[in-house]
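Structural characterization, general
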Amino acid sequence: MQSFLTDRTQQFAYSLSSVQSVLFGVPQGSVLGPLLYVLYTAELALIVDRHGLSLHQYADDTQVYISTQFVHSKQDALGYLTVKIAGFYPILVKNSVNKSVTES
């Protein structure tokens, strides 16, 4: 397992970049990829639940959300989510999780 995840490199052929070490993640297209992803993100549902939020996961996409019955406006919802996510943001940083935020 360790040899599968360590000493990997990448290079962008389009710009002929220098070879860079790959420190995180799972090789795409690998048989073990989906299993390793599930193991890597398993604790996330517990963390989100502990902070009073809900979670929806599909493939490699995760959405954290709240029920609108608890908020009166978009600003209230955004403020609530911001405070709650700030509570587990350090865990995301520690685990090098891609933290892109989108509104839907």
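Criteria and cut-off values
Residues numbered from 1 in each chain as written. Predicted model: local features only at pLDDT ≥ 70, side-chain atom pairs only at ≥ 80, totals over all residues. Heavy atoms only, no water. Helix = DSSP H or I, 4+ residues; strand = E, 2+ residues; numbered from the N terminus. Pairing = 2+ DSSP bridges. Patch = residues over 30% accessible without salt bridge, like charges linked within 9 Å, V, L, I, M, F, W, Y side chains within 5 Å. Areas by Shrake-Rupley, 256 points an atom, 1.4 Å probe, with all protein chains shown as cover. Salt bridge = Lys/Arg side-chain N within 4 Å of Asp/Glu carboxyl O. Contact = heavy atoms within 4.5 Å. Expected span 1.5 Å × (residues − 1). Bend = angle between axes of the 7 residues up to and from the residue. Buried < 20%, exposed > 50% of the residue type's maximum accessible area, 1.4 Å probe, protein only. Core = buried A, V, L, I, M, F, W, Y, C linked by side-chain atoms within 4.5 Å. pLDDT = per-residue confidence, 0-100.

Observations regarding the overall build of the protein chain
From N to C terminus, the protein chain includes three helices and four strands. What you see in the protein chain, going N to C, is helices and strands ordered as α-β-β-α-β-β-α.

Quick word on the pairing of strand β4 (residues 61-65)
Across a regular strand the side chains alternate sides, sitting on one face of the sheet and then on the other. As paired elements, strand β3 (residues 54-58) and β4 share five bridges and run antiparallel to each other. Looking across to β4, one finds that Tyr58 is bridged to Asp61. Joining the antiparallel neighbours β3 and β4 is a turn of two residues, in which Ala59 adopts a positive phi near 55°.

Considering a nonpolar patch on the surface
Judged by side-chain polarity, Leu32, Leu35 and Leu39 come together as a nonpolar surface patch covering roughly 270 Å² of accessible area. Tracing the backbone through its elements, the reader meets Leu39 in helix α2 (residues 33-50).

Brief notes about the side chain of Arg8
Mapped onto the elements of the fold, Arg8 is located in strand β1 (residues 8-10). Ignoring sequence-local partners within four residues, the contact set of Arg8 consists of Gln20, Ser21, Val22, Phe24, Gly25, Val26 and Pro27.

What about α2?
An α-helix turns once every 3.6 residues. As a result, residues three or four positions apart point the same way. Between the first and last C-alpha of α2 there are 27 Å, a value that for 18 residues agrees with the 26 Å anticipated at 1.5 Å per step. Residue Tyr40 marks the point of greatest curvature in α2, where the axis turns by about 35°. Turning to α2, its buried residues number three or more, namely Gly33, Leu36, Thr41, Leu44, Ile47 and Val48. Where α2 terminates, the next one or two residues include Gly52, which has phi positive at roughly 75°.

With respect to the nonpolar core
Counting residues in each nonpolar core, the largest one holds 10 residues, listed as Leu44, Ile47, Val48, Leu53, Ile66, Val71, Ala77, Leu81, Phe88 and Leu92. Within the residue set of this core, elements represented by two or more residues are α2 and α3 (74-94). The element contributing the most residues to this core is α3, with four residues. What Leu44 contacts, discounting residues up to four positions off in sequence, is Leu55, Gln57, Thr62 and Leu92.

Digging into α3
Under the 1.5 Å per step criterion, the end-to-end length of α3 is 29 Å for 21 residues, consistent within 8% with the ideal 30 Å. Along its length, α3 shows its largest kink, about 45°, at Phe88, and proline Pro90 lies within four residues downstream of that point. When α3 is considered as a whole, its buried residues turn out to be Ala77, Leu81, Phe88 and Leu92. On its buried face, α3 is in contact with α2 and β4.

Quick word on the confidence of the model for the protein chain
Counting all residues, the mean pLDDT for the protein chain is 76, and 84% of those residues have values of 70 or more. Helix α1 (residues 2-5) is the least confidently modelled element of the protein chain, averaging 68 in pLDDT, while β3 averages 84, the highest of any element.

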